[in-house]
Each structure stands twice: as C-alpha cells, then as structure tokens.
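# Working through the structure, step by step
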Amino acid sequence: MFTGDERIEKATRVRVRAQLPRRLAGDGSPGTLAAALAPALMRLTMGFNHDRSLLPASYLQDPKLLAAYMARFTPLGADRVRFALGQGGAAFARLRGLAGERPLRLLDVGAGPGSATLGALSALDLSGDAPPPVCVLIDRTRSALEEAARLADAAGFRARLVRIAHDVTRGLPEGPAFAQPFDLILVANMLNELSESRRGRFVQRLAALLAPEGLLLAVEPGTQAAARDLIALRDRLGELATVAPCPHDLPCPLHAQNRRDWCHVAAPYNRSAWIDALDRVCGLDHTRLVFSYWLARQAADGVLPAGPSRIVSDLLKDEGGSVRLLCTPSGLRRVSAAAFGVAYRGQPWTEKIPSQPANASSRPRKERPRRN
Ligand SMILES: C[S@@+](CC[C@H](N)C(=O)[O-])C[C@H]1O[C@@H](n2cnc3c(N)ncnc32)[C@H](O)[C@@H]1O
C-alpha cells in the first residue's frame, strides 16, 4: 500500500493554517482546518470534476482557492508524482545517481504551488551530501509559485527554486534558467488546461529541453477524458519513448480497441488523518491513488527507430511540422522530416531501410524550440 510523504502533508497544513484567520484555524487540527476550507474545497472539487465554469480562469489567484488547493491537491499530487517516478526503474535510478555528482536540473511547468516538484524531491530522497537540485518552476500565477517555495522550505527539502511567472501559451520563457538542459521535466495536471491543439507542440518543446538521459513526466487526472488524451499524445509523439507505465512502446492497444476504456493507475493508498478529514468534507474517498501518467525519455538514437524499418508515407503535415511514417519492428513511428533527412538522405521512399543508416554519425540534433 502506498503511503504519503508526511513532510509534505505537514508542510501544507502549516501553510494553510498560516493563511486562515485565527478564529477559523482554531486548534489547527485536521478536522477544524478541513471545515474552514470546506466551501473552497467543494468549489474546486465541483469545478475540476463536473463543471469547469464554476472556477475562474486563473483560479489559484483567489487566496481561498489556493489554500484549499494546497491542502488537498498538493499532498495527493506529490504522492502521484512520487509513485510514477518510482515506476521509472533503472532510468530513474540513473537520475538519482547523477544527483550525487552535480545539482540535478528540474523543470516544473504549470507548477502551481509546486506539488510535482515536492513529489519529485521526495522521490529523489537525496542525502545531505548531494548538491541541492535546481528546480525551475513556471506558472502564470505568481502567488502559487511563492507558496511552492514556502512549502519546499516547510517540508525541509534542500533545493534551489527558480520561480518564473509566465503564461506558456506565449511560448516558453527565455533566460539563464534555460541555458542548460533538464534532467527531469514535470508537467502535472496542466495539459488538460491547454487547448487540445496546443498540447502536442507544447510537449515536443519540452522534450527538446531534456538532457540526453533526462526524463519527462506528464501526470493527468485518472478520468476517461484526461487519460485518453494523454495516451493519444504518447502514441503521437515519436521523439519520446515510454519508460512507464506501458511495458512496450507500441501504440496503446487499449486506446485503439474502443473509445470507452482508458488506462490509469488506481493504487491502494494509505491515506493520512489529514487527507481523511479533507475527504469527509468533500464526500470523497481516497483509499486509492487514482491518476494517469506518462514517464518518457528521448527516443533511442534521437528520433530514429532501432531495427530495420520501411518508409510507408510521403511527407505528412503534423502539429510538430512535417513527418514521415515508418513501419518499424516496434510499430508505426512518426519521424520528423528534419531528422529523417539527415539520417536517410537520398533514400527512396517505400524502400526498406536499415537500422543503422550509412551516415548515422550525422545523427540529427533536435532543434531547440523557438521561444515566442
Ligand atoms: C491543476 S493546477 C496543477 C498544479 C500543479 N502542477 C499540481 O499538479 O498540483 C494547473 C496549473 O497550471 C497552471 N497553468 C494553466 N495554464 C497555464 C499557462 N498557459 N501558463 C502557465 N501556467 C498555466 C495554472 O495556473 C495552475 O497552477
């Protein structure tokens, strides 16, 4: 059974108590705090689960909604991220190994009050000797980012937080924080707040910021719509290879089978007295940690498949630019025209192509995304 990180829960309680008027915070017990947060908790729950129009566009700018969000969604969100990274096996172990040698670089996009960053810091569980990681947090709501720093501090995590208030629909920000690639990129419960037409290009831009051994973790609610949207992205973005949860890198067979079913996690969860008190107020029951996620790394050999493949399309327009379809030993793959051109220049289409093209040494470097 998966158990929450007490340090994060305690930190959220401390911060929430500090924000409530003294007469409402009372003795600071979970029940008292939960009762004080009840109206805002209900509004968030109804807004996220049933009717988004109940929430303003920048809902975390409202201090009451931010406090309620931190209380319930931050500890649960952090635990989801910790669970998902725990499924990363050797790839995540490698990242932890690196953390002992140099400051790891994390990017958390749509960070809110830093739930995903807190979960990642908890999963990394760095020793006192490890250099503190550099965590770059982007969100359009500045007050939420400020809370992220306070929560990390209250939870006792050693990290250097760089907070950037920015709306990513205007592109990713520029600056020294982006001068080097990232070891871990987190995008949690945020893709569903972008229009469908933006999501693919956005994740592609994030993928281009990954260090060669880096990991990208996308977490979304465990609902049918959010999980299916995430799977659709996974199936579409050829430059990323799946680390978890799928046992293969083929297109999702469940997704292809029908429009009804969706793959998600429902892990038995040892909820604390704090989450229990909040659940009672909202009429929820977190005895399981329910969510969907995709943990990915850059596809092996840049964007080119391993093994002999066959070109099965001419140039096609994709939201990320021009692509060709390759039929590979691990299924159909989309390969960007730029990458394809460098590796397979002069290759007539429909011809079977080897796994190691003659000029493989000129493996394409991914273009850095254009900012703005
Ligand atoms: C549901 S919250 C998730 C917060 C945090 N990642 C978590 O998992 O708890 C969604 C966050 O995405 C941010 N967000 C949504 N659209 C954004 C945009 N276009 N640019 C920057 N931040 C955005 C919101 O401000 C909010 O903090």
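Read on for a plain summary of the structure.

Parameters at a glance
Residues numbered from 1 in each chain as written. Predicted model: local features only at pLDDT ≥ 70, side-chain atom pairs only at ≥ 80, totals over all residues. Pairing = 2+ DSSP bridges. Helix = DSSP H or I, 4+ residues; strand = E, 2+ residues; numbered from the N terminus. Right-handed = clockwise from strand over helix to strand, strands pointing away. Near = placed C-beta within 6 Å. Nonpolar A, V, L, I, M, F, W, Y, C, P; charged D, E, K, R; others polar. Expected span 1.5 Å × (residues − 1). Bend = angle between axes of the 7 residues up to and from the residue. Buried ≥ 20, exposed ≤ 12 C-beta atoms within 10 Å, placed from the backbone. Contact = placed C-beta atoms within 7 Å.

What follows covers the pairing of strand 6 (residues 210–221). Of the pairings in the sheet, the one linking strand 5 (residues 182–188) to strand 6 comprises six bridges and is parallel in character. The partner of Ile 185 across the bridge, within strand 6, is Leu 216. Of the crossover connections in this fold, the one passing from strand 5 over helix 8 (residues 196–207) to the parallel strand 6 is right-handed. Strand direction decides the pairing type here: strand 6 and strand 9 (residues 288–298), joined by seven bridges, are antiparallel.

This paragraph deals with the site of the ligand. In the vicinity of the ligand there are 20 residues, among which Gly 110, Gly 112, Ser 115, Arg 140 and Ala 188 approach most closely. Sorting the residues of the shell around the ligand by element identifies helix 4 (63–86) and helix 6 (115–124) as the ones contributing at least two each. Tallied by class, residues from the shell around the ligand come to eight nonpolar, eight polar and four charged.

Compared with the 34 Å implied by 1.5 Å per residue over 24 residues, the 33 Å span of helix 4 between its first and last C-alpha is a close match. Of all the bends found along helix 4, the most pronounced is centred on Phe 73 and spans about 40 degrees, while Pro 75, a proline, follows it within four residues. The element helix 4 is extensively covered by neighbouring structure, given that 20 of its 24 residues are classed as buried.

Note on placement: Ser 58 falls in the loop between helix 3 (30–49) and helix 4. On the basis of neighbour counts, which here come to 14 C-beta atoms within 10 Å, the residue Ser 58 falls in the partly exposed class. Contacts of Ser 58, omitting those with residues within four sequence positions, involve Arg 140 and Thr 141.

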